[in-house]
Amino acid sequence: MQSETTSRHEKLHVGIIMDGNGRWATRRGLSRVRGHEAGVETIRRIVEAAPKQGIGALTLYAFSTDNWRRPKAEVAALMTLLRFYLANEVQSLVKNGVRLTVIGRRDRLPEGIATAITRAEEATADGGTLHLRIAVDYSARDAILNAAAKAAALTSLTREAFSQLVTGEAGLRDVDLIIRTSGEKRLSDFLLWEGAYAELHFTERMWPEFDAGDLAEALAAFHGRERRFGGLRAIVPEEVPSLSRV
Ligand code: IPE
Ligand code: IPE
Ligand code: MG
C-alpha cells in the first residue's frame with residue numbers, strides 16, 4: 001500500500017499547461033501573437049530552472065489538437081514560433097544536457113516542421129539532465145485511442161506495456177504534478193493517462209510572467225502534500241483495520 005510524500009531526491013515528472021498568453025498580451029494592448037512570443041521566453045526560463053528544482057521530465061503543452069480551431073493567422077504564428085524554437089534552441093538544449101522529444105501528431109504540421117522535430121530529437125538524444133517533452137497537435141484522448149488501436153493486435157497487455165504505447169516511451173515516470181497557469185482549472189485533454197494520480201496546481205499567473213520562483217512555489221506546495229495512491233494516511237500498522245474483519 002503506498003502512502004507517502006514524494007522524496008525530494010526523486011526526479012519528478014512535471015506537466016505544464018502553458019495558458020494565458022493571449023490574455024496577458026490583450027491586457028497590455030498587444031496582439032495575442034506578442035503573448036505567444038513572450039511565452040517562448042518563459043519556456044527558456046523554465047527549461048533552465050527545471051533540473052535545478054529536481055525535475056527530471058518536463059512535459060509542456062504547446063498546441064492542442066483543438067487549437068486548430070483558432071483563427072488561421074494565430075495558428076500560423078504559433079507554427080512559425082515552433083519552427084524558430086526548433087531552429088534556434090537545439091544548440092543550447094544540447095549544451096545543457098536536455099533531451100527533447102515532441103509528442104502529438106506530426107502529419108498535419110506545416111511543411112518542414114516534422115523533419116525539424118526529428119532532427120532536434122536526434123541532436124539532443126544523449127541529453128541526460130532533463131527530458132523535455134513538448135506536446136504539439138496533442139490530444140490525450142487521441143493518444144489513448146491510438147494506443148488502444150495498437151494494443152488490439154496484442155494477446156496480453158499490462159499497464160506498463162499500455163503506458164509505453166500511450167507515451168511512446170519505455171519507463172517514463174507517471175506525471176507527479178500538473179501545473180496550469182492563467183487561473184483556468186481544467187485539464188483540456190492533457191496527459192489523461194499518465195496523470196492519473198498527478199497532483200494539480202493552479203496559479204493565476206499568466207504564462208508569459210511565470211518564472212523560476214513560481215515553479216519553486218508549485219513544487220513546495222507539491223512536496224507539502226501527502227500522496228495516498230488509494231491507500232491510507234501513514235498510520236501505525238496496529239491501527240490499520242484487518243481486511244479479514246471488514
Ligand atoms: C496558451 O495561451 C497558448 C496556447 C494555447 C497555444 P492562450 O493562447 O490559450 O491564452 P489565453 O487563454 O487566450 O489567454
Ligand atoms: C490548452 O489551453 C492548450 C495549451 C495550453 C496548448 P487552451 O487555452 O487551448 O484551453 P481551453 O480552450 O481554455 O480549455
Ligand atoms: Mg487559453
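Report follows, based on the coordinates. (Residues numbered from 1 in each chain as written. Chains lettered and ligands numbered in written order. Predicted model: local features only at pLDDT ≥ 70, side-chain atom pairs only at ≥ 80, totals over all residues. Heavy atoms only, no water.)

Brief notes about the overall build of the chain
What counts here: Helical segments are the DSSP runs of H or I of at least four residues, strand segments are the runs of E of at least two, and each set is numbered from the N terminus. Contact criterion: two residues are considered in contact whenever any of their non-hydrogen atoms come within 4.5 Å of each other.
In terms of helices and strands, the chain carries 7 helices and 6 strands. Each helix and strand of the chain, ordered N terminal to C terminal, gives the series β-α-α-β-α-β-α-β-α-α-β-β-α. Taking contacts inside the chain between residues at least 6 apart in sequence as the whole, the part at least 24 apart equals 77%.

Some remarks on the site of ligand 2
Quick reminder of the rule: The nearness test applies per residue and asks whether one of its heavy atoms lies within 4 Å of the molecule or strand. In protein, a polar contact requires one atom able to donate a hydrogen and another able to accept it; more generally it is a pair of N or O atoms within 3.5 Å, and residues adjacent in sequence count only if both atoms are side-chain atoms. The protein chains shown are the only cover counted for residues, whose accessible areas, like all others here, come from Shrake-Rupley with a 1.4 Å probe. For cavity detection a 1 Å grid was placed over the protein atoms alone, and a set of points counts as a cavity when a 1.4 Å probe fits there but cannot get out; an open set counts as a pocket when protein lies on both sides within 12 Å along at least five of seven lines, with lining residues being those that have an atom within 4 Å of a point. If over half the atoms of a molecule are within 2 Å of the grid points of a cavity or pocket, the molecule is regarded as sitting in it. When residues are grouped by polarity, Ala, Val, Leu, Ile, Met, Phe, Trp, Tyr, Cys and Pro land in nonpolar, Asp, Glu, Lys and Arg in charged, and all others, Gly among them, in polar.
Taken together, Ile17, Met18, Asp19, Tyr61, Ala62, Phe63, Asn67, Arg70, Arg180, Arg186 and Ser188 are the residues near ligand 2. Arg70 places a side-chain nitrogen or oxygen 3.3 Å from an oxygen atom of ligand 2. One of the side-chain N or O atoms of Arg180 is found 3.3 Å from an oxygen atom in ligand 2. A total of 390 Å² of accessible area belongs to ligand 2 in isolation, and the protein chains cover 77% of it. For ligand 2, the cavity whose grid points lie within 2 Å of the majority of its atoms is the largest pocket. Residue composition of the shell around ligand 2, grouped by class: 5 nonpolar, 2 polar and 4 charged.

Focus on the site of ligand 1
Close to ligand 1 lie Met18, Asp19, Gly20, Asn21, Gly22, Arg23, Arg32, His36, Ala62, Asn67, Arg70 and Leu78, which account for all nearby residues. Within the backbone of Arg23, a nitrogen or oxygen atom sits 2.7 Å from an oxygen atom of ligand 1. A distance of 2.9 Å is found between an oxygen atom of ligand 1 and a side-chain nitrogen or oxygen belonging to Arg32. Out of a free accessible area of 380 Å², ligand 1 has 87% covered by protein chains. Judged by the fraction of its atoms near the pocket grid, ligand 1 is located in the largest pocket. Residue assignment for the shell around ligand 1 shows that the elements contributing at least two residues are helix H1 (21–27) and helix H2 (32–49). Per-element accounting of the shell around ligand 1 gives the leading share, 3 residues, to H1. Of the residues assigned to the shell around ligand 1, the class counts are 3 nonpolar, 5 polar and 4 charged.

Don't take any of this as a statement about function, it's just geometry.
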